[in-house]
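# Inside the fold
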Amino acid sequence: MHNTMPNQTTFTEARYAGESAKPAPQVRPICIAILAMGGEGGGVLADWIVDLAEQQGYPAQSTSVPGVAQRTGTTIYYVEFLPQAASANGHAPAPVLSLMPVPGDVDIVVASELMEMGRAVQRGLVSPGETTLVASTNRVYSMTEKSAMGDGRVDPAPFIAAAQKAAKRFVYGDFAVLAERNGSVISAALFGALAGTGALPFSREQFEAAIRRAGVGVDSSLKAFGAGFDLAQNGPAPQTPAARPAVVERTQGLLKAMDERIAAEFPAVAGTVLKAAVRRLADYQSLAYAELYLKRLAPLRDIDQRRGDSNAPLLVETARYLALWMSYEDTVRVADLKIRATRFERVNKEVKAKADQVLHINEYFHPRLDEIADTLPVWLGTLLMRPGALRNALERATSKGRVVRTTSLRGFLLLYGVAALRGTRPKSLRYQREHAEMCNWLAHIEQNAGSHYAMALEIAECQRLVKGYGDTHARGMRNFKLIEGLLPKLLANDDGVSRIRQLREAALKDEEGVQLATLLQGWNWSDATLAAH
Amino acid sequence: MAERSFKKEVQKLRAKEGEVFAGEGILAVTKALLQSGVSYVAGYQGSPISHLMDVLADASDIMEELGVHFESSASEATAAATLAASVNYPLRGAITFKATAGTNVASDPLSNLSSGGVTGGALIIVGEDYGEGSSIMQERSHAFAMKSQMWLLDPRPNLPSIVRAVEKSFELSEASNTPVMLQMRIRACHMHGHFIARDNVRPAFTLADAMNKPSRDISRIVLPPASFVHEDEKINKRWPAAVEFIRREQLNEFFGDPDGADGLVIQGGMYNTVIRALQLIGLADVEGNTEVPLYVMNVAYPLIDEELRGFCQGKAAVLMIEEGQPEFIEQEVNTSLRRVDMQTRVHGKDFLPRVGDYTTTVVLKALVKFFDRYRPELAVRERLPEGVRAALAPRPLTIPVRVASAAEMASAAPSQASAPVAALAPVPVKVTAPVAMEVLDPVMDVHARPPSFCTGCPERPIFTAMKLVQREIGAHHISCDIGCHLFSILPPFNLGATTMGYGLGWAGASAFNTTETSRRTISIMGDGGFWHNGLTSGVGNAVFNKSDNVLVIIDNGYSAATGGQDILSSKAENDHRITNLPIEKAVRGVGVEWVRVITNTYGIATMRDTLREALTTKVSGPKVIIAQSECMLNKQRRVKPLMRKLAGEGKRVVRERFGVDSDTCTGDHSCIRLSGCPSLSVKDNPDPLRRDPVATVLDSCVGCGVCGEVAHAAVLCPSFYRAQIISNPTRLDKLSKRVATAVIGFLQRRLATRELSHA
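Residues take numbers from 1 onward in each chain, read along the sequence in its written order. Chains and ligands are labelled by the order in which they are written, letters from A for the one and numbers from 1 for the other. Residue-level local features of this predicted model are given only where pLDDT is at least 70; pairs of side-chain atoms are given and counted only at 80 or more, and the full residue set underlies all totals for whole chains, interfaces and linings. Where side-chain values are given, they derive from all heavy atoms of the structure, hydrogens and water being excluded.

With an unreviewed UniProt entry as reference, chain B is termed Indolepyruvate ferredoxin oxidoreductase, source organism Duganella phyllosphaerae.

Looking at an unreviewed UniProt entry, one finds chain A named Putative indolepyruvate oxidoreductase subunit B, with Duganella phyllosphaerae as its source organism.

In structure tokens:
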């Protein structure tokens, strides 16, 4: 048959009773795409919608491509139903429904997170003529965003702007918070918002009945549903800027005098930073320490005054970084912060412990010899760090991390004792070292502010590299000093300002220093680096 | 215990004649098997048919009632070999696995099966994982059907069609003595729909009948000269018989006006997509009624020449819509028409892209092209809904490449430190996007969100430890395997160079077996892959060839990536299977002497030290580390309800979770780079002087302990704390708490008097 009939020219009539009918007037199915992440309840939302439609006798179909995407990856659920239980001649319709959304032909897009919403818009699923977009603006950060050495989070503004432009109607808000507040999950809140848009031909009661029929966590789901419904009905939520808490104005008597001094001696623009800074430093060490801080800033204030720039950028930036540097993290500070009553309350709230439950807080410490020596007076610290039997023994003893239970008497008293070392801090090895570096840095800023103001600003900004504990701190300091060592070269270079910025950013790109090394190699500055080390 | 339970849904399998069955595609397939009087079912899990295996496992009782034997096979090859039962006996049998990964594994028995042919209906249900959601290579089962001359069904994606295809497949198999493959596309597997049920059928001839009266026929065994006869049989007997059956039963379908001057030839699985495209240009109504001639190949292989030629008679042109490559059907269509000198023009991959998913948009574009050429009077472009037209319009668009991606590339390849920066620098890519451009302006920085390790996953700390070891003693060649552990190739771990297949992690490093260096390779294998074939292909092979390298077996107690099914070494008790057999014994059994078992993968320091030892020890010979901790997804499903129950009964229950003190966190995120847990995220820095976000632990934390271990092992920061929340505390709990609180409270009040903080 297959190969045995060469050059056959007449054919058996092989047409079965084909269904040929003129297409009837179009009744369109309603198309709904749900973009979520695995394990977020997108499937539940799809099931509710299918149930809602079938309850009215509407033919419905849903599908998804879960695969391994269930492991927190992007997942898309797709539902279609025909809003018609019987056609004109009374027969139940048997629609052919699609298994995937068509860009430009999706009635409703539900997104459970801001970036997933962006993905829906980018894929063209949201179109201005058709689509009602219901999106939660909460963030589940991508690995790239989370693992950045600084702030790798994307700017949400373009997402909202793009969605506004792309959708016929755009309902958005933080449905995750809404759900949490009502003790439920995001799918219930989004389902409520979907009902609230009125984009589906069902009443609120019908929506709620679908939740009841599913029979899981009905009461809390209905509460979250109601909250979502209201959000959709009352229009888009006002855009709340990311919560950056203002400086807590728990000014105490002692700080008042200092606040007045700041107001009198420093430009208003630096007020917020300086007030926050003196509180931090007074808390960190003492009022006198805060005064030392203001004293160190005086020359920079004068430089900005002379330039007549009312924004005083150099003063403000340096003030911020100097405050952070002067309150460098050490064992004493950590112990001090860990034992506070306010901290206990915060943890209690964060882990949602109830009144009748007992809460224990266990800290993970790994103080190594370096940190211990750092805390001690210079002579003692130096002694410990001297190579020899003592050092080896101590290094062995500190090779493992420790878990301290702060809520136990023993643990608390231990940390209380360490925190009490605050008084001796200015005599410590670390203090001497940090302040020497600090003064060096300030001197570089001051020296260059007159002739190379932009460069001075960049030098100030480099303090950003120095943060963290242990290896992280050591790495940051190494990079900081490397750039400091390159300053003469940078100053001699026409695009020195751009280069110092590039160096700083490269240093923040990866832990291994690959980017930084590559950059220096590109400029043929690698030898200088070695010299600087 | 599988991830998803179908205990409730499987009751639908008892549906009687005439009842409406509503449910997922996989459930419908199971029902169709029972309606067909199947005697035995076997298979191996994997997306998208994992749920089919789970349904079958959960339906064990119902199947036993009907005398149906179900097996979770050791591998796809085992499953395919199971069909041998249908060679000599009139037993209907079905197997299922993921294509084409599974079909590759099953290739050997499938060749033998199809050579000798079958007496009872033999059905191979493959979950075709092509395109979106595909997790393994993008290949086609079609090639397997062609090379073994098995018939391939690709039914229209609606439940009545799928159910009919299952039933007819058995008949086709018996009519042509040939095994039949039924292809379930990924979306059809997970599709919710309806069909009218029929009664389940108890097989007339049972497994017991066969075992009690064994029979054999040497002419069915693949040995010369019988095997030469088989080839002749395939072409001259079974093929014509299949064609005859397919025509008689009208397995392929025709729609539209038979006298149309042009038409569409499509795979059954493409039907809904093609109809949607026709609906959008107003050439089909909502029920799929259309005047456009359609030849729907529910049988994708073999091609039925008469049907095709009949369809093409009087047509100037047809458009072949065949997803996937190479375009096997299109080539055959051309051959078939040219052989009889028919001049119908065949379009296909000249109008459609050679690669990728045939989405509705892709099909629509081809249809517009086709109708513009052959039916310009239809003016299909004008009929398009406005939104769709905008979406179709190809516009040049510059997609900005994120600068961060360069950094990722660099961190992914630290050994390439010397690569010129230009190679890593972001280059804007010009592409033609099928999306209206104005929509993309302003530009959103949308990141990919690939799947990754779950919250509290016991595998993550293994890779953290591996990262730490490599920091100490340098980079090693790492050979990966298939399984959840493959997520280690992604950020933040960036580990692994190749993955050659399921259970082939160690086999993939076989070449690196030389005495010229003391540096060893690391291979990864999951417990699923280990029992699938890794014990022989990897461990046995390494012993035999005197390998000096290191294998890490990730033993999480389940075939986790496919949905948590039980395997030989599962910790769970399973009424229908034997579990709890230790991997260590198997490894030692094939001759590995250096074996370390780590029973708590969360202990990063131990894990790191053991890895270091394996990589540096003077002992020669293969080294195997078995890293055991239960899959957290499964564990939580087991433990959470139990904890709730105990707490409800007033018993003492301790819940643990981690937290980060934002006033000591400096926003460096080393912890995230070493852990990557979904529960470990970032939030705005509450400190007004700082800008970088601080790390935070989300409420979803299950308190696995990795955060603390990482902080210790990598000497990170002291910001992590572990909270223990005790419900129903004992009297002793309360008393010691009261005493501590009295003293602590007093001291805290004293401290507060000198606090000048913002906190």
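### Concerning the packing of helix 1 (residues 42-55) of chain A against helix 6 (residues 186-197) of chain A
For any two helices packed against each other, the geometry comes down to the angle between their axes and how far apart the axes lie. Residue and element names in this part refer to chain A. Our working rule: Here, axes are lines fitted to C-alpha atoms. For helices the fit covers the stretch in contact, and angles between N-to-C directions go from 0 to 180 degrees. The way it works is that DSSP assigns letters per residue, a run of H or I at least four long becomes a helix, a run of E at least two long becomes a strand, and they are numbered from the N terminus. Each angle gets one of four labels, with under 35 degrees taken as roughly parallel, over 145 as roughly antiparallel, 65 to 115 as roughly perpendicular, and the rest as oblique. Each helix crossing is assigned a hand: it is left-handed if the near helix lies turned anticlockwise from the far helix by less than a right angle, otherwise right-handed if that turn is clockwise. We call two residues in contact whenever any of their non-hydrogen atoms come within 4.5 Å of each other. Polarity classes work like this: nonpolar for Ala, Val, Leu, Ile, Met, Phe, Trp, Tyr, Cys and Pro, charged for Asp, Glu, Lys and Arg, and polar for all others, with Gly in that last group.
Helix 6 packs onto helix 1 with a crossing angle of 40 degrees between their chain directions and a minimal axis gap of 10 Å. Overall, the two elements helix 1 and helix 6 adopt an arrangement that is oblique. Helix-helix and strand crossings are classified by hand; for helix 1 and helix 6 the assignment is right-handed. Residues Leu45, Trp48, Ile49 and Leu52 of helix 1 form the contact with helix 6, whose participating residues are Ser187, Ala188, Leu190, Phe191 and Leu194. Broken down by class, the residue content of the contact of helix 1 with helix 6 amounts to eight nonpolar, one polar and no charged.

### Regarding the environment of Leu34 of chain B
Residues and elements named next belong to chain B. What counts here: Type-normalised accessible area, obtained with a 1.4 Å probe on protein chains alone, sets the label of each residue: buried when under 20%, exposed when over 50%, and partly exposed for intermediate values.
Following the sequence through the fold, Leu34 ends up in helix 1 (residues 25-35). Judged by relative accessible area, which is 1%, Leu34 ranks as buried. Sequence separation between Leu34 and Gln313 is 279 residues, and the spatial gap between their C-alpha atoms is 41 Å.

### Some remarks on the sheet that holds strand 17 (residues 478-480) of chain B
All names here are of chain B. Let me state the cut-off plainly: Strands were regarded as paired on the criterion that DSSP finds at least two bridges between them.
Ordered in space as 18-17-19-20-22-21, the six strands form an open sheet in which the pairing is parallel. Here the strands that pair on one side only, and so sit at the sheet edges, are strand 18 (498-499) and strand 21 (594-598). Bridge count for strand 17 against strand 19 (residues 522-526) is two bridges, and the pairing is parallel. Across the sheet, residue Ser479 finds its bridge partner in strand 19, namely Ser523. Of the strands in this sheet, strand 19, strand 20 (550-555), strand 21 and strand 22 (623-628) are in contact with helix 23 (residues 604-616), which crosses strand 21 at around 170 degrees.

### Points about the UniProt feature "domain: DUF6537" (unreviewed entry) in chain A
Under the convention used in this document: UniProt positions are given in the numbering used here, feature names are shortened, and annotations may be inferred rather than shown by experiment.
Residues annotated in UniProt with the feature "domain: DUF6537" (unreviewed entry) correspond here to residues 273-483 of chain A. The span residues 273-483 of chain A is 68% helical and 6% strand by assignment, and the distance between its end C-alpha atoms comes to 26 Å.

### Considerations on the domain arrangement of chain A
Put simply, the rule reads: Residue ranges for the domains originate in an automatic or database domain assignment.
Under the domain assignment used here, chain A contains domain 1 (30-233), domain 2 (253-326), domain 3 (331-429) and domain 4 (430-532). Taken over C-alpha atoms, the centre of domain 1 of chain A sits 48 Å from the centre of domain 3 of chain A.

### A few points about the interface of chain B and chain A
Filter applied, for reference: For any pair of parts, buried area is found by adding up, for both, the accessible area (1.4 Å probe) each one loses once the two are put together. Whenever a carboxyl oxygen of Asp or Glu lies within 4 Å of a side-chain nitrogen of Lys or Arg, that contact is scored as a salt bridge. Here a polar contact means two N or O atoms within 3.5 Å. Within protein one must be a hydrogen donor candidate and the other an acceptor candidate, and residues neighboring in sequence count only if both atoms are side-chain atoms.
Chain B puts 167 residues into the contact, and the matching count from chain A is 166 residues. When chain B packs against chain A, close to 14,900 Å² is buried across both sides, 54% of that on carbon and sulfur atoms. Measuring nitrogen to oxygen at the nearest pair gives 2.5 Å for the salt bridge that ties Glu116 of chain A to Arg449 of chain B. For the pair chain B and chain A, the interface holds 57 residue pairs in polar contact (both at pLDDT 80 or more). The element best represented in the side of chain B that touches chain A is helix 27 (residues 731-754) of chain B, accounting for ten residues. Each residue belonging to the side of chain B that touches chain A can be placed in one class, and the counts come to 82 nonpolar, 43 polar and 42 charged.

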